[in-house]
Amino acid sequence: MSSTALITGASQGIGKATALLFAKKGYDLIITARTKDKLESVAEEIRSFGTRALAITTDVSDRNAVEALVNLGIERFSKIDVLVNNAGICMTAPMSKTTIEDWEKIINVNLWGYIYTINVLLPHFLARKQGSIINVGSFGGKVPLPNMTAYCTSKYAITGLTETLRLELEPQGIHVSGIHPSVTNSDFMERAVFRDSDPEQMKKMLSTPLVSQPEDVAKAIWDAVKNSQAEVVVGSAKLPTLLHRLFPGITQGMLQMATKSQG
Ligand SMILES: NC(=O)c1ccc[n+]([C@@H]2O[C@H](COP(=O)([O-])OP(=O)(O)OC[C@H]3O[C@@H](n4cnc5c(N)ncnc54)[C@H](OP(=O)(O)O)[C@@H]3O)[C@@H](O)[C@H]2O)c1
């Protein structure tokens, strides 16, 4: 029987690249996002590799919809082996320019969206004493980034969720991994909300060779599942992430200087 992966935010970018890679490796896929036509076209591409695809439009911040999604996936494929929590949104703004509505939106998608899928799928994984939970975080969940207060808060929460869950679930046979991409060439920045920062400057970063491709992150996710890796920082943020872990005072100082020179 084929293995099955459930991937959120699979209509484009990192989620789409991951879905296509898992399909090439023979996985059946349950894919979700909000935009039906894009999701259907990814499902068609998946089927062209000879595996099955179930595309279900879902807003991951809707708890009942996530419950229905997971239950339908298990009913259709009889099991789920891998969960890739990936659906996310971006906002660049300091706290003073972030409204409570902004906070609610970003936390609802980037944090609650991950908690809802895990909450519904966990009994299935525990009953089978196996399964893999991959949480796509960000280097902004390992290093504080200037003017990205709400985004970094949501991604630091994902780091905490992932590391704590790993302690709890690995003894029960369930693999938990955090994948932290650096800046990646998807439409993420195009779709981001910008307040008090220059969208063009952020978008310029996407044309430097330091930027990862969605396929690089997809490969890191695949390797993490196959080799039961606990955590991977993908791309050019590897070194700054290591520096921040070893010398947080120094990196904090450097980032403060960068923030002042922007202001
Ligand atoms: N790109 C980067 O530079 C970068 C860097 C570090 C971390 N990441 C992380 O990588 C993940 C994927 O990002 P990406 O670069 O692939 O971004 P992307 O191209 O904007 O794709 C985001 C995906 O999430 C879906 N999505 C957004 N809101 C949703 C919601 N409420 N319910 C269901 N699906 C939703 C989108 O589809 P719909 O809009 O159709 O729903 C889309 O499929 C995110 O968690 C992001 O934080 C990205």
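Provided above is the structure to which this section pertains.
The written sequence of each chain sets the order in which its residues are numbered from 1. This being a predicted model, a pLDDT of at least 70 is required before a residue's local features are given, and a value of 80 or more before pairs of side-chain atoms are given or counted; all residues contribute to the totals for chains, interfaces and linings.

1. Re helix 3 (residues 63-77)
To keep things clear, this is the line we draw: Helix numbering and strand numbering both begin at the N terminus, where a helix is a DSSP run of H or I of at least 4 residues and a strand a DSSP run of E of at least 2. Helix span, as expected, comes to 1.5 Å for every residue beyond the first. Partly exposed residues are those falling between the two cut-offs: more than 12 but fewer than 20 other C-beta atoms within 10 Å of their own, whereas 20 or more means buried and 12 or fewer means exposed, with C-beta atoms placed from the backbone. Here, the arc refers to the directions that run from the helix axis to the C-beta atoms. A pair of residues counts as a contact when their C-beta atoms, built from backbone coordinates, are within 7 Å of each other.
In this model helix 3 runs 21 Å from its N-terminal to its C-terminal C-alpha over 15 residues, within 8% of the 21 Å that 1.5 Å per residue would give. When helix 3 is considered as a whole, its buried residues turn out to be Val66, Leu69, Val70, Gly73 and Phe77. The buried residues of helix 3 occupy one face: seen down the axis, they fall within an arc of 90 degrees. Summarising the geometry of helix 3, the exposed residues directed more than 90 degrees from the buried face are Asn64 and Glu75. Where helix 3 is buried, its residues touch strand 1 (4-8), strand 2 (28-33), strand 3 (53-57) and helix 4 (100-128). Following helix 3 by one or two positions, serine 78 adopts a phi angle in the positive range, close to 65 degrees.

2. Observations regarding the site of the ligand
To be explicit about the condition: Being near a molecule or strand means, for a residue, that its backbone-placed C-beta atom lies within 6 Å of it. Each residue gets one label: Ala, Val, Leu, Ile, Met, Phe, Trp, Tyr, Cys and Pro are nonpolar, Asp, Glu, Lys and Arg are charged, and the others, such as Gly, are polar.
Residues in contact with the ligand amount to 30 residues; listed here are only the nearest, Gly9, Gly13, Arg34, Thr35 and Gly88. Per-element tally for the shell around the ligand: the top contributor is helix 1 (residues 13-24), with three residues. Across the shell around the ligand, the residue classes tally to 12 nonpolar, 14 polar and four charged.

3. Quick look at the sheet that holds strand 1
Put simply, the test is: Pairing between two strands is assigned when DSSP locates at least 2 bridges connecting them. The angle between two axes is taken between their N-to-C directions and runs from 0 to 180 degrees, where each axis is a line fitted to C-alpha atoms and a helix contributes only its stretch in contact.
An order of 3-2-1-4-6-7-9 is seen for the seven strands of this open sheet, with the pairing classed as parallel. Edge strands, defined here as strands with exactly one partner in the open sheet, are strand 3 and strand 9 (231-234). Sheet twist, expressed as the mean angle between neighbouring strand axes with direction ignored, is 15 degrees. Direction of pairing for strand 4 (residues 82-85) relative to strand 6 (residues 132-136): parallel, over a ladder of four bridges. Counted as the bridge partner of valine 84 is isoleucine 134 from strand 6. Along the sheet face, helix 2 (residues 36-47) touches strand 2 and strand 3 and points at about 175 degrees away from the line of strand 3.

4. Some remarks on helix 7 (residues 214-226)
When the terminal C-alpha atoms of helix 7 are compared, their 19 Å separation across 13 residues agrees well with the 18 Å that a helix rising 1.5 Å per residue should span. Every buried residue of helix 7 is accounted for by Pro214, Val217, Ala218, Ala220, Ile221, Ala224 and Val225. One side of helix 7 carries all its buried residues, which in axial view fall inside an arc of 160 degrees. Tucked inside the fold, the buried residues of helix 7 contact helix 1, strand 4, strand 6, strand 7 (175-181) and strand 9.

5. Some words on the packing of helix 4 against helix 5 (residues 149-169)
The criterion, for reference: Roughly parallel covers angles under 35 degrees, roughly antiparallel covers those over 145, roughly perpendicular covers 65 to 115, and oblique covers all other angles. In this scheme the crossing of two helices becomes right-handed for a clockwise turn of the near helix relative to the far one and left-handed for an anticlockwise turn of less than a right angle.
At a closest axis distance of 9 Å, the pairing of helix 4 and helix 5 adopts a crossing angle of 20 degrees. Of the possible angle classes, the one that applies to helix 4 and helix 5 is roughly parallel. For the element pair helix 4 and helix 5, the recorded crossing hand is right-handed. Here Asp102, Trp103, Ile106, Ile107, Asn110, Leu111 and Tyr114 of helix 4 lie close against helix 5, whose contacting residues are Ala150, Tyr151, Ser154, Lys155, Ala157, Ile158 and Leu161. Across the contact of helix 4 with helix 5, the residue classes break down as 10 nonpolar, two polar and two charged.

6. Description of the packing of helix 3 against helix 4
The contact between helix 3 and helix 4 brings their axes to 9 Å, and the two run at 35 degrees. Along this stretch, helix 3 crosses helix 4, giving a crossing that reads as right-handed. The segment helix 3 lies against helix 4, with Arg63, Val66, Glu67, Val70 and Ile74 engaging Tyr116, Thr117, Val120, Leu121 and His124. Looking at the contact of helix 3 with helix 4, its residues break down into six nonpolar, two polar and two charged.

7. Concerning the environment of glutamate 190
Residue placement: glutamate 190 occurs in the loop between strand 7 and strand 8 (193-194). Judged by local crowding, glutamate 190 falls into the exposed class, with 11 C-beta atoms found within 10 Å. The spacing of glutamate 190 and cysteine 90 is 100 residues in sequence and 9.5 Å in space, taken between C-alpha atoms.

8. What to know about the nonpolar core
Quick reminder of the rule: Working definition: the nonpolar core is a set of buried Ala, Val, Leu, Ile, Met, Phe, Trp, Tyr and Cys residues, joined through C-beta atoms within 7 Å.
Ranked by internal contacts, the top residues of the largest apolar core, which has 65 residues, are Ala19, Leu29, Ile31, Ile134, Ile179 and Ile221. Excluding residues that lie within four positions of it along the chain, isoleucine 31 makes contacts with Ile7, Ala10, Ala19, Leu39, Val42, Ala43, Ala53 and Ala55.

9. Describing the pairing of strand 3
Where we set the bar: When the strands point away from the viewer and the path from the first strand over the helix to the second turns clockwise, the crossover is right-handed.
Examined bridge by bridge, strand 2 and strand 3 share five bridges and lie parallel to one another. Directly across from threonine 32, in strand 3, lies its bridge partner isoleucine 56. Handedness of the crossover joining strand 2 and strand 3 through helix 2 is recorded here as right-handed.

10. Describing the environment of glycine 88
Locating glycine 88 in the fold gives a position in the loop between strand 4 and strand 5 (91-92). On the neighbour-count criterion, glycine 88 (25 C-beta atoms within 10 Å) is buried. Separated by 23 residues in the primary sequence, glycine 88 and leucine 111 have C-alpha atoms spaced 8.8 Å apart. When residues no more than four places from it in sequence are discounted, the contact partners of glycine 88 are Gly9, Val109 and Asn110.

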